[in-house]
Amino acid sequence: MNLSYWAYKHRPLVLLLTGLLIVLGSYNYFTLSAQEDPNILVREVVITTAAPGYNPEKVELLVTKTLEEAIREIPEVRQIRSTSRQGQSIVHAEVYPYMFELDQIWDDLREKVEIAANSLPSGVAQPVINDDFGDVAVMTIALTADGFGFGDMQDKAQHVRDRIFGLPGTKKIELHGVQEERIYLETNSSRLAQYGLSREAIVNQLQGQNTILPGGIVDTGERVFLVQPSGNFDTVEDVESFLIALPDNSGVVSMGDIAKVTRGVLDPPQRKAYFNGRPAIILAVAMLDGYRVLDYADVLRRRVQQIEQTLPVGYRLEIVADQSEQVAKAVYGVSANVAQTLAIVLGVVIVFLGLRTGLIVGAIIPSVMAITLAVMGLVDMPLERMSLATLIIALGLLVDNGIVIAEDFRRRLEEGEDRLSALKNCGANLALPLLASTATTVLVFLPLMLAEHEAGEYTRAISIIILITLSTSWLLAMLVTPLMCFWFMKLNPQQAKQTGFARLENSYGRILVWMLRHRKIVLLMIIVCFVVGVFGVATTPKKFFPASDRPQVLITLELAPDITLSSTDSTVVQSFIDLNNREQFPYIKNFATYMGYGGPRFVLSLSPIDDAPNKAFIVVALDQLSSMPQALTDLRQYFLANFPSVNAKVTDMFLGPSDPGVFEFQVKGPDPDVLYATAEKMQASLRDMPGMIDVYSDWEGRINSFSVQVDQDKARRLGVSSLTIAQALASFYSGVSISEFREGDDVFAIVFRAVESERRSLELLKSIPVQASSGKTVFLDQLATIELTADYAVIQREDLTRAVTVQGRPTAKTPEDIAPDVDAIMQQLQQNMPPGHWLESEGIVNDSAEGKAALGANMPLCLAVVVLLLVAQFNDFRRPIIILMTIPLVVTGVALGLHLLRADFGFMVILGLLSLAGIIVNNAIVLIDRIDYETASGTPFMQAVVSASQRRLRPIVMTTITTVVGLLPLIVSVDPLFYGMAVTIAFGLAVGTLLTLGVVPVAYSFLMRNKA
């Protein structure tokens, strides 16, 4: 079927459908969901379990291991990572990257965890499962107040949250920095001894008093009355005035006389938040899928302004991070690049083809763009950095088909064909070759579409957009471009040959004749160029993904592992004055601080750090991206000089699924002493490497603890159980929740504990009173010995095996470049490790290898399809061999571009090489197709090779120039994500095309002459 002639006969239908799709695409540009980065499905769930009073080893053996073994029974789970620290277990479960329906998997996981929870020791809380781990806050808002207590702030924060929830599109609002309130009853041991009271007796009496149980219903026959006995505490004064009966009915004493009753926030705190150094409650607002971030954020900002006006004087609502700013930058910035590229490509086409023909070919560009947007709307693809930048790359590719059609139409007119014959013949002769060239370009991106890895998922939009744009380009080139040429192309045949390009064709013909006479020399030169290119690519610095263009600095602070959150808080707060000093740090716009945890997820690729009392996380917003290098240097030096005991990691943001600047490896095995000692040696080796900073082990170190060895015989004789001893210790130091205090709809715990002076005293440990079953009080040292021991602060595990992760951040080289050096150190250490213990690479080196492997997994299949397609088109084996020979020719140009413009070799460069493979074979296909046509027409073989090459010179050079020039905005602007890919395509295609114009005719003359 001749599509061009069919379109001519059905002109109204073709033009109407094209026009409707263009209108729909233009509309979609303003209505499609817009976001900063592509969607990556976070296939991870976090299970957090509190185990008060348990040391890390007991948490690991009794809690973490139990949960891990239950989760391991789920076949979809790919990896299990866990952290066991004092009083807490955190388990991360991750499923395979090809899993997309996660709800059923998480339901199965919940069921397994609930069953396993029944076998956890007493005192261990119910595991909390968070399967919304991947929700991203489109905006974070800080609520601060002057002159108001934290209870008032929390009430106002809840009010703000309720108001924002009324906005359509709001999915979830998390409150960060909320401090739960408590009623504390703090007793003095000597005071209790004076009255002969035990803590257990006080607790029993208070629990019996503070109740809101219903008293029943009185049914009088005609009416019923609810009986509600009083007794619950309504105020702190009620608790203070509560009367405690003394032993032996010797009287009563008020709670206020034997205990200090206070109302306050959780002590020690669990999580705290600050904004610009001021205590804050930060609201993290997540948006429902399908809404446009730019529109939602605009409405949300107006709602925040309205709410702030209704708050009491002293309250402020300030925006901490706004994803819409980055989305606008990505969408509108790339859109501007698309417009620039469109203008550049149109200009190039007009220069080569003239105004009229140039406009005919150029009309395909906005049409394809609009139709692509229309299809994106139909398949629910959002506008984001990846899809929009791919449009820029596709701009130079999608005109190829139109150029070939217009050039062929023009040649036919020059040779005397009438317009209708030219329309029929160009469509009939070029439909299959152009379809084959389009299909090969699409097919080389198929491995990316099928890659089962986070990197492939992050960049998958590239392959989808290439598929849509090139398919649309081929259809328009077959249906619309011939019609435009039929109606609007005009030509003066007498002047057609008097052009500069004709002289270029003649010069190319003379060079080609020489090359055909010296074929061996030409092929030898090509081999030398290829070897040099391979060496050049191999020596290029490697980086999996580049740094982000977000002007934000991330600071992770880690103190000694036995530090409390209160100590972490008091230490980190000391930096706030300096961070607010604009003379010292003039580029800091604002900063948000999260004590004890990593705050909300405000970027999809950035996973918040796990909760830990000795850690803090600061997000510093800069005035502009150009301030980043200075900010990183200054902040690293500041924390090193002013907080030498704090491990401060100061980094920039990154693109891609993981941080590309950190090198990681793991030591695995059963013996913690072997793991820890090996990790220490590895850290020392990393510190000796030039430019290595932020060397760190995730086991953090050792902590001291007191081991209470109970003499069970004595305990039984005195009527004391191990449970009673544990409860007495917990009640004395950490405090125990004994009842609830209700205030309106707020409910918080009443906590019983010793006064601060006793809680902080190590000497009093041996004299802690323990109540025996007889009611008498004995002291701890009467039935136990107390020893000081050293425990590991944190025990990390991966896939049910203990694992220490050591990491460092190289500044002189990339992690992938130093990998061989680190591997040598690892092999040396491995020789001295006992059986059952081993070392392995982790982090970005492993991610890079997995990403490349996932990309290459389907490469043989795609290559086989390409070969099959070429063999089917030419019904021959030698021609596909010639076409495939052109692919290595791009390596020389790629190496030249990467070194000249200092681009790193990473995942995006690999995608650039894939696209080059598809583009460069297109030139060979159309060139060989023309040579075959010339030889079939009876032209002598060598003359046919030269004349066909000359005839295809214009479209090949034009498509190359349009592609290269179309990439200039990405190269000149040093696009953070696409710079390396653009450099790869531009230089690889430019040099590869020059080599192809010589290699294909020479190889054709070698392989096809006998057949001719």
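Residues numbered from 1 in each chain as written. Predicted model: local features only at pLDDT ≥ 70, side-chain atom pairs only at ≥ 80, totals over all residues. Heavy atoms only, no water.

Digging into the overall build of the protein
Basically, it comes down to this: To qualify as a helix, a DSSP run of H or I must reach at least 4 residues; to qualify as a strand, a run of E must reach at least 2; elements of each kind are numbered from the N terminus. Using a 1.4 Å probe on the protein chains alone, a residue whose accessible area is under 20% of its type maximum counts as buried, one over 50% counts as exposed, and one in between counts as partly exposed. To measure how exposed things are, a 1.4 Å probe is used in the Shrake-Rupley method; for residues, cover is taken only from the protein chains shown. Neither His nor the chain termini are counted; the positive set is Lys and Arg, and the negative set is Asp and Glu. Note that the charge is assigned to NZ on lysines, CZ on arginines, CG on aspartates and CD on glutamates.
Each helix and strand in the protein was counted, giving 36 helices and 31 strands. Considering only C-alpha atoms, the protein reaches an extent of 125 × 80 × 60 Å along its principal axes. Within the span of the protein, comprising 1012 residues, buried residues form 54% of the whole. For the protein, the exposed area adds up to about 43100 Å²; of that, 56% sits on carbon and sulfur atoms. One way to put it: in the protein the 82 positive side-chain charges average out to a point 11 Å from where the 105 negative ones average out.

What about the side chain of S387?
Selection rule: Between N or O atoms, a polar contact is any pair within 3.5 Å; within protein, one atom must be a potential hydrogen donor and the other a potential acceptor, and residues adjacent in sequence are included only when both atoms are from side chains.
Mapped onto the elements, S387 comes out in helix α14 (residues 385-414). What makes S387 buried here is its relative accessible area of 1%. A distance of 3.1 Å separates a polar side-chain atom of S387 from the backbone nitrogen of E384.

Observations regarding the packing of helix α3 (residues 56-71) against helix α4 (residues 103-117)
Note the following rule: Working convention: axes come from line fits to C-alpha atoms, limited for helices to the stretch in contact. Angles between N-to-C directions cover 0 to 180 degrees. Just so you know how the angles are binned, under 35 degrees is roughly parallel, over 145 roughly antiparallel, 65 to 115 roughly perpendicular, and the rest oblique. Helix crossings are classified by the rotation of the near helix relative to the far one: an anticlockwise turn of less than a right angle makes the crossing left-handed, while a clockwise turn makes it right-handed. The criterion used for residue contact is that any of the two residues' heavy atoms lie within 4.5 Å. Side-chain classes are defined by residue name, with Ala, Val, Leu, Ile, Met, Phe, Trp, Tyr, Cys and Pro counting as nonpolar, Asp, Glu, Lys and Arg as charged, and the others, Gly among them, as polar.
Contact geometry for α3 and α4: axes closest at 9 Å, N-to-C directions at 140°. By the angle between their axes, α3 is oblique relative to α4. Here α3 and α4 pass one another in a crossing that is right-handed. Residues T66, L67, A70 and I71 of α3 pack against L109, K112, V113 and A116 of α4. Here the residues of the contact of α3 with α4 are counted per class, giving six nonpolar, one polar and one charged.

Here's the deal with the state of the cysteines
Counted only if it meets this: A pair of sulfur atoms, both from cysteines and within 2.5 Å, is called a disulfide here.
Counted according to the given criterion, the structure contains zero disulfides. With no disulfide of its own, C485 has C426 as its nearest cysteine by sulfur position, at a separation of 7.0 Å. Residue C485 is classed as buried on the basis of its relative accessible area of 0%.

So, the side chain of S82
Relative to the helices and strands, S82 is located in strand β2 (residues 77-85). The class for S82 is buried, based on a relative accessible area of 1%. Polar side-chain contacts of S82 include one of 2.6 Å to the side chain of E68. When residues no more than four places from it in sequence are discounted, the contact partners of S82 are T64, E68, I90, V91, I795, Q796 and R797.

Here we look at the confidence of the model for the protein
Put simply, the test is: pLDDT expresses, on a scale from 0 to 100, how confident the predictor is about each individual residue.
When pLDDT is averaged along the protein, the result is 86; 97% of the residues meet or exceed 70. Contacts for the low-pLDDT stretch residues 494-498, under 50 throughout, to residues beyond four places or in other chains number four contacts.

Quick look at unusual backbone geometry
Backbone geometry at D694 places phi at a positive 55°, although glycine is not the residue there. When its relative accessible area of 14% is taken as the criterion, D694 is described as buried. The backbone phi angle of E700 is positive, close to 70°, even though this residue is not glycine. Mapped onto the elements, E700 comes out in the loop between β22 (692-697) and β23 (702-710).

A closer look at the sheet that holds strand β15 (residues 281-287)
In any sheet, the strands associate via hydrogen bonds between backbone groups, in a parallel or an antiparallel arrangement. Here is the rule we go by: Each pair of strands is called paired provided DSSP finds at least two bridges between the two strands.
Across the sheet, four strands lie side by side as β6-β15-β5-β16; this open sheet has antiparallel pairing. Either end of the sheet is taken by a strand with one partner, and the two such strands are β6 (170-176) and β16 (315-322). Strand after strand, the sheet turns through a mean of 20° between neighbouring axes, direction not considered. Pairing of β6 with β15 involves six bridges; the strand directions are antiparallel. For L175, the partnering residue across the bridge sits in β15 and is L283. The strands touched by helix α5 (residues 150-165) within the sheet are β5 (137-145), β6, β15 and β16, with β6 carrying the most contacts at an inclination of about 170°.

Brief notes about helix α21 (residues 565-573)
Those residues of α21 not exposed but buried are L565, T568, D569, T571 and V572. Taken together, the buried residues of α21 touch β13 (272-275), β17 (552-558), α22 (576-579), β18 (588-595) and β19 (615-622).

What about the nonpolar core?
Threshold: Think of a nonpolar core as a cluster: buried Ala, Val, Leu, Ile, Met, Phe, Trp, Tyr and Cys residues, connected wherever their side-chain atoms sit within 4.5 Å.
Counting residues in each nonpolar core, the largest one holds 191 residues, and the members touching the most others are I462 and F978. With residues up to four places along the chain from it excluded, the contact list for F978 reads R385, M386, A389, T390, I393, I462, M908 and L970. With 28 residues, the next largest nonpolar core counts I588, V620, L635 and F639 among its residues.

Comments concerning empty space enclosed by the protein
How we decide: Cavity and pocket criteria rest on a 1 Å grid covering protein atoms alone: a 1.4 Å probe that fits but cannot get out defines a cavity, protein on both sides within 12 Å along at least 5 of 7 lines defines an open pocket, and an atom within 4 Å of a point defines a lining residue. Grid points are joined across faces, edges and corners, and a volume is the space filled by probe spheres set on the points.
Inspection of the entire model under this criterion finds five cavities of 30 Å³ or more. Every residue lining the largest cavity is counted, 19 residues in all, and those nearest its centre are L397, D400, N401, S437 and N922. Secondary-structure elements contributing two or more residues to the lining of the largest cavity are α14, α15 (419-444), α33 (907-936) and α34 (941-966). Sort the elements by how many residues they give to the lining of the largest cavity and α34 lands first, with five residues. By residue class, the composition of the lining of the largest cavity is nine nonpolar, nine polar and one charged.

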